[in-house]
Amino acid sequence: MITYKKINVDNRQELIELMENVLNKLERKEFFIPFTENEIEELFQENNTISYGAFHNEKLVGTAQLYLEDNFIKNIKKEINLVSDKVAELGGYLVLEEYRNEGILKELEKRLIKEAKEKDYEYIVVTVHPDNLPSNKAVEFTGAKIVKTTKFGEYLRNIYLLKL
């Protein structure tokens, strides 16, 4: 049975191992923008990021984050001309290959959207590579709509917007 809970610094090594496992098996590396060391540390600062994990028998098998404060959100807002100060970003979607198609991302999204609503955010943005069909489907499940396709550095992305 899959259980869901917030990830904290105690899960740091598990999260790094999950990232490495998933990213090493990706056929198309451009589907995921890798975290810097600094960004990994920020995943454990709840005033910046809320991280949830999916666990099977205490093993971390999936994760997603709600980013509350970062420069990437500013870049997304500028790209789509969004002027609200209450914008969060859903991201960091990672699920071990053997646990995909079990609704894990949908459940993580539901929990993170609930967190955003409780914190009175007005919008959620999500960026996904246009060819990453499973992630695009997961985002569309939330009701978010594509508002633009653009490049952030070398990474092509659909930008989705969800009004809360």
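Residues numbered from 1 in each chain as written. Predicted model: local features only at pLDDT ≥ 70, side-chain atom pairs only at ≥ 80, totals over all residues. Heavy atoms only, no water.

Before we go on, may I ask you to explain the pairing of strand E4 (residues 87-95) in this structure?
Regular strands have side chains that alternate between both faces of the sheet. Burial analysis of E4 places 9 of its 9 residues in the buried class, the great majority of the element. Bridge count for strand E3 (residues 59-67) against E4 is 5 bridges, and the pairing is antiparallel. Looking at the pairing, Tyr-67 lines up with Glu-89 of E4. When E4 meets strand E5 (residues 123-128), the two strands line up parallel, connected through 4 bridges. By the bridge assignment for E5, Glu-89 is matched with Val-125. (Buried < 20%, exposed > 50% of the residue type's maximum accessible area, 1.4 Å probe, protein only. Helix = DSSP H or I, 4+ residues; strand = E, 2+ residues; numbered from the N terminus. Pairing = 2+ DSSP bridges.)

I tried to follow unusual backbone geometry on my own but got confused; where do I start?
It is generally the case that most residues other than glycine have a negative phi and that most peptide bonds are trans. One non-glycine residue, Asn-81, adopts positive backbone phi at about 55°. Looking at where Asn-81 falls in the secondary structure, it is placed in the loop between helix H3 (71-80) and E4. Backbone geometry places Asp-120, a non-glycine residue, at a positive phi of 65°. The topology assignment puts Asp-120 in the loop between helix H4 (104-118) and E5. A residue is classified by how much of its surface remains accessible, and Asp-120, at 57% relative accessible area, is exposed.

What is the right way to look at the environment of Arg-157 in this model?
Locating Arg-157 in the fold gives a position in strand E7 (residues 155-163). Judged by its relative accessible area of 2%, Arg-157 falls in the buried class. Separated by 3.0 Å, the side chain of Arg-157 and the backbone oxygen of Glu-30 make a polar contact. (Polar contact = N/O pair within 3.5 Å; in protein donor to acceptor, adjacent residues only side chain to side chain.)

Mind showing me how you'd approach the pairing of strand E6 (residues 145-152) here?
In this sheet, E7 lies alongside E6 in antiparallel orientation, the contact comprising 7 bridges. Its bridge partner lying in E7, Lys-145 is registered against Leu-161. The turn joining E6 and E7, which pair antiparallel and follow one another in sequence, is formed by 2 residues; a positive phi near 65° is taken by Gly-153.

Would you mind showing me how to read the side chain of Ser-84 here?
Relative to the helices and strands, Ser-84 is located in the loop between H3 and E4. Among the polar contacts made by the side chain of Ser-84, one reaches the main-chain amide nitrogen of Lys-86 at a distance of 3.0 Å. Ignoring any residue separated from it by four or fewer positions in sequence, one finds Ser-84 in contact with Lys-77, Glu-122 and Tyr-123. (Contact = heavy atoms within 4.5 Å.)

In this structure, what is going on with the packing of H4 against helix H5 (residues 133-141)? I would like to understand it.
Two elements in contact, H4 and H5, have axes whose closest approach is 10 Å; the angle formed by their N-to-C orientations is 40°. In terms of their interaxial angle, H4 and H5 are classed as oblique. Handedness of the crossing formed by H4 with H5: right-handed. From H4, Leu-105, Lys-106, Glu-109 and Lys-110 reach across to H5, where they touch Ala-138, Val-139 and Phe-141. (Axes fitted to C-alpha atoms, helices over the stretch in contact; angles between N-to-C directions. Parallel < 35°, antiparallel > 145°, perpendicular 65-115°, else oblique. Left-handed = near helix turned anticlockwise from the far one by under 90°.)

The values reported here are purely geometric and, on their own, carry no functional implication.
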